[in-house]
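Residues per chain are reported as follows:
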Amino acid sequence: MPISGSAIVKMLPGKRPCKECGFPTCFAFAMKLASGGTTVDKCPYLSEETKAKLVDLLAPPMKLVTIGSGENKLKIGNEEVVYRHEKTYCHPPGIALLISDKESETEIDEKIKKIKEMQFLWIGLTLKADLPALYFESGDKGKFLALVKKVYQSTDMGMILISEDMDALFSARDICADRQPLLYPITKENVETAIPKIKEKPTPVGIRGGDVEELVPLTLKLKEAGIEDVVLDPGSRNLMEAIRDQTFIRRATIKQGFRPLGYPTAAFPCFIAKDGLKEAMAASVFVNKFAGIIVLSDFSQHSLLPLLIQRLNIYTDPRFPMAVEEKYYEVLEPDEYSPVLVTSNWALTYFLVSSAVEATKVAAYVCVKDAEGLGVLTAWAAGKFGGDSVGAFIKKCGVADRVKHRKLIIPGKAARIKGELEDALNLEWEIIVGPKETTGLGKFFPEFAKKLRE
Ligand code: SF4
């Protein structure tokens, strides 16, 4: 559990008011330290022992683990709550695609193509799976290493290397060590021999226990050896047990502050369910129930897209609505006779409006007014989409320099701002009340654009 400011202050030297930390008192420094706003090294009077103790106490309850390198880094863990509504979830689970060295060359090529290219544009974001999980299943080390080499050369993603054979695992690691692959599984049987090899080229490791309890001595042993980039697999291979174990680990980490389990976890729907639909359902449970990595044996557009959207929704910070930047956006290639619309900056509103405009094949300027991420009606009701503020935004956003006409379409749901907006724009713009729903734009918009040009 995070340490409080009043507990920290008891550990400080109390040389008040020396202020060398930049704060007026030790207490002020302690409060800031507890909230993560400063660091222990700012106080020059702390002993090394106290500093180390404080760093440990202030560390997030769950370790942040990074797999991969460069732009394709996958960061997992560092979660601070059990339930999303308590604050927010921070790092979405990585979705991994299992590729076995037992599969045919054609199947392997198809899966590599899938993990590289299957992606979806969704409210301005690109959604995709994150990394391949390469599985030594054939018993032929040469085949496994050839698979690792092939994936390494044809993608720039991080990887999970899965091999019970330690020799094959570390030979594979040597091929792609610069990509920071996750090595799996480290177990109580192989941990002693694995530690020196892991330390040769440090990368994250996935540990597997027979149950949750078995993970504890393993993480302690690895920590003692200075290995802390760890992912936990409690070894559960049916859905009920897996949910129980994932929940237990999360609660022990966050509620009890139990450091030996303070790491992100892996879940393996690929080993739990053999049928594609059940596997997709298990994966969706793990998105909610705390997994840091979810390994799937395969996916299609139809199974992956819902999972990615679910992940996006669960890992969106509930304290802040999804919003787009305040400015005017060009849809298609507008010119000086193209229509001008204004709407609020809730991401969904913007993408519905711009998609509806695009569907009419009429180029336009969509002016997006900052309404703190609220939809039009809510924003109007909250006083964030009034005539005065919309007028001020239209004046400053620069759209007037892009068009020769002065006709501005407002959303039908904000029809009441018409008069106020006309006044705010000094009667220079004619305000047109558009449809109440974006579905109405299909009929309204092309006719309006045609008249505008005439
Ligand atoms: S530098 Fe250290 S001793 Fe001085 S006020 Fe800050 S916390 Fe207290």
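Below or above, wherever it landed, is the structure these notes cover. Source: prediction; values computed, not measured.

### Describing the pairing of strand E6 (residues 131-135)
- Summarising burial for E6: 5 of the 5 residues are buried, a large majority.
- Here strand E3 (residues 94-100) runs beside E6; their pairing, made up of 5 bridges, is parallel. Each residue of the ladder has a partner; that of leucine 98, found in E6, is alanine 133.
- Examined bridge by bridge, E6 and strand E7 (residues 160-162) share 3 bridges and lie parallel to one another. Bridging from a neighbouring strand, tyrosine 135 pairs with isoleucine 162 of E7.
- Where the polypeptide runs from E6 across helix H5 (residues 141-154) and back to E7, its parallel neighbour, the crossover connection is right-handed.

### Side note on the packing of helix H4 (residues 105-117) against H5
- Orientation of H4 relative to H5, taken along the N-to-C sense of each, is 35°, at an axis distance of 11 Å. Between H4 and H5 lies a crossing whose hand is right-handed. Taking contact as the criterion, the partners of Glu105, Ile108, Asp109, Ile112 and Lys116 in H4 are, on H5, Leu147, Lys150, Val151 and Ser154.

### Examining the layout of surface pockets
- By volume, the second largest pocket amounts to about 380 Å³.
- Thr349, Val353, Val376, Lys436 and Thr438 are the residues nearest the centre of the second largest pocket, which is lined by 23 residues in total.
- Only strand E14 (340-344), helix H13 (347-360), helix H14 (376-381) and strand E16 (407-410) provide two or more residues apiece to the lining of the second largest pocket.
- Counting residues per element, the lining of the second largest pocket draws most heavily on H13, which supplies 4 residues.
- A per-class count over the lining of the second largest pocket returns 13 nonpolar, 7 polar and 3 charged.

### Comments concerning the packing of aromatic side chains
- Scanning the entire structure with this criterion turns up 10 aromatic pairs.
- Between phenylalanine 444 and phenylalanine 448, the ring centres sit 5.6 Å apart and the planes meet at 15°, which makes this aromatic pair stacked. Separated by 4 residues within a single helix, phenylalanine 444 and phenylalanine 448 lie in helix H17 (residues 441-453), roughly one turn from each other.
- Taken together, the ring pairs connect Tyr135, Tyr184, Phe268 and Phe271 into an aromatic cluster.
- The ring of tyrosine 89 carries arginine 250 above its face, with NZ or CZ at 5.6 Å from the centroid.

### Concerning empty space enclosed by the protein
- This model, assessed by the stated rule, comprises 3 cavities of 30 Å³ or more.
- If you add up the space inside the largest cavity, you get close to 110 Å³.
- If you trace the largest cavity, you find 18 residues lining it, with Cys18, Lys19, Cys21, Cys26 and Cys43 closest to the centre.
- Broken down by class, the residue content of the lining of the largest cavity amounts to 11 nonpolar, 2 polar and 5 charged.

### Some thoughts on the site of the ligand
- Every residue lining the ligand is accounted for by Pro13, Lys15, Cys18, Lys19, Glu20, Cys21, Cys26, Phe29, Cys43, Pro44 and Tyr45.
- In this structure, the ligand is accommodated by the largest cavity.
- Of the residues belonging to the shell around the ligand, the class tally is 8 nonpolar, no polar and 3 charged.

### Points about the sheet that holds strand E13 (residues 327-331)
- With mixed pairing, the 5 strands of this open sheet are ordered in space as E13-E15-E14-E16-E17. What marks the edges here is a single partner per strand, and that holds for E13 and strand E17 (430-433). Taken over all neighbouring pairs, the strand axes of this sheet differ in orientation by 30° on average, direction set aside.
- Across 5 bridges, E14 lies against strand E15 (residues 364-369) in parallel orientation. In the sheet register, serine 344 faces E15, and the bridge partner there is lysine 369.
- Running over the sheet, H17 touches E14, E15, E16 and E17 and is turned about 175° from E16.

Parameters at a glance
Residues numbered from 1 in each chain as written. Predicted model: local features only at pLDDT ≥ 70, side-chain atom pairs only at ≥ 80, totals over all residues. Heavy atoms only, no water. Buried < 20%, exposed > 50% of the residue type's maximum accessible area, 1.4 Å probe, protein only. Helix = DSSP H or I, 4+ residues; strand = E, 2+ residues; numbered from the N terminus. Pairing = 2+ DSSP bridges. Right-handed = clockwise from strand over helix to strand, strands pointing away. Axes fitted to C-alpha atoms, helices over the stretch in contact; angles between N-to-C directions. Left-handed = near helix turned anticlockwise from the far one by under 90°. Contact = heavy atoms within 4.5 Å. 1 Å grid on protein atoms, 1.4 Å probe; cavity = no way out; pocket = protein on both sides within 12 Å on 5 of 7 lines; lining within 4 Å. Points joined across faces, edges and corners; volume = space filled by probe spheres on them. Nonpolar A, V, L, I, M, F, W, Y, C, P; charged D, E, K, R; others polar. Phe/Tyr/Trp six-rings, centres within 6.5 Å; stacked < 30°, edge-to-face > 60°. Lys NZ or Arg CZ within 6 Å of the ring centre and 35° of its normal. Near = heavy atom within 4 Å. Sits in = over half its atoms within 2 Å of the grid points.

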